[in-house]
Each structure stands twice: as C-alpha cells, then as structure tokens.
Amino acid sequence: MAVAGRFIQTSELEDAIAELMEEYGDDVYRLTEEGLDVAESILIKNLKAASPGSSPHKVNFAKNWKSKGKKYKMLRYVGNSTMVQGPDGEIPLANILEYSTNHGSPFIKNTFESSVDEMAAAVVNQIKKGV
C-alpha cells in the first residue's frame, strides 16, 4: 500500500494514518490562527460601526478599536485606548459606555455576540481554503 508517496506494510497502516493526521492537525492549527486574524478584523470593523459618536471623545473612540497583538496562541484581544477624565483620574471610555448606570448600554457585548457567526464563518472559510 502507498501512503503519501511511499510504500508501507499493512502492519504500519495505523502509524501512517497517525502521521498524516498529525500533519493535517498542524495545517488546521495554522489555518485557524490565520482565520482568527480575519475574525479579529471583522470584530474591529463591527465595533467601529457600532460605536456611538458625536462628541470628540466618542468620534476618537470609534477610531481607536485595535488589536492587542498576538500574545497568546488561538486567542485574539481587541481593545480601545480612548480615555476620559473622571473624578479620580482617567477612565476608559469603553467602561463608561458599556457599564455606566447613566450612559451604559452594552454595545460592545452586543456587537461581539452579533459578530460571532460572521467571525466563526471566517475561521472555517480560512481552514477550507487551505486544506
């Protein structure tokens, strides 16, 4: 029997399959990482579109959605660096907009949740393209 261009004995089939599956797993891992990059871009685009805007702080807020980098494998973090002056120092505007009892409306959470299907599809599509 020939597997991956080499002849193997029937007794070696299990090992040959395991080897091929390991290679396949490596490809899926790499493609998933690439898909997460695409998913991250989708979330950033959707957060920018959903960000409230009118005051200068809020307009900058929409522009400041960024990736936090690839510090961890199989994870992506997105954040916003816009700060506003509070009574005890600077406060992230995202916290005020998301959690404040006066201004709070969980648009970040809602945007993430409404983006999940699109982000998951992007990861799956990236895997399909590469396998």
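The structure reproduced in this document is the subject of the present report. As the structure is a computational prediction, the values presented were derived from the model and not from experiment. (Residues numbered from 1 in each chain as written. Predicted model: local features only at pLDDT ≥ 70, side-chain atom pairs only at ≥ 80, totals over all residues. Heavy atoms only, no water.)

For any pair of aromatic rings, the description rests on two quantities: the centre-to-centre distance and the angle between the ring planes. Following the criterion strictly, the structure yields three aromatic pairs and no others. For the pair Phe61 and Phe107, a centre-to-centre distance of 6.0 Å together with 70 degrees between the ring planes defines the contact as edge-to-face. Of the two residues, Phe61 sits in helix H2 (residues 56–63) while Phe107 sits in helix H4 (residues 107–130), which places them 46 residues apart along the sequence. Under the relative-accessibility criterion, Phe61 is labelled buried at 0%. Take Phe107: its relative accessible area is 11%, and that puts it in the buried class. In this structure an aromatic cluster arises from ring pairing among Phe61, Trp65 and Phe107. (Phe/Tyr/Trp six-rings, centres within 6.5 Å; stacked < 30°, edge-to-face > 60°. Helix = DSSP H or I, 4+ residues; strand = E, 2+ residues; numbered from the N terminus. Buried < 20%, exposed > 50% of the residue type's maximum accessible area, 1.4 Å probe, protein only.)

Before going further, it helps to examine the environment of Leu93. Here Leu93 shows up in helix H3 (residues 93–99). For the pair Leu93 and Met83, spaced ten residues apart in the sequence, the C-alpha separation amounts to 5.3 Å.

These values are about where atoms sit, not about what they do.
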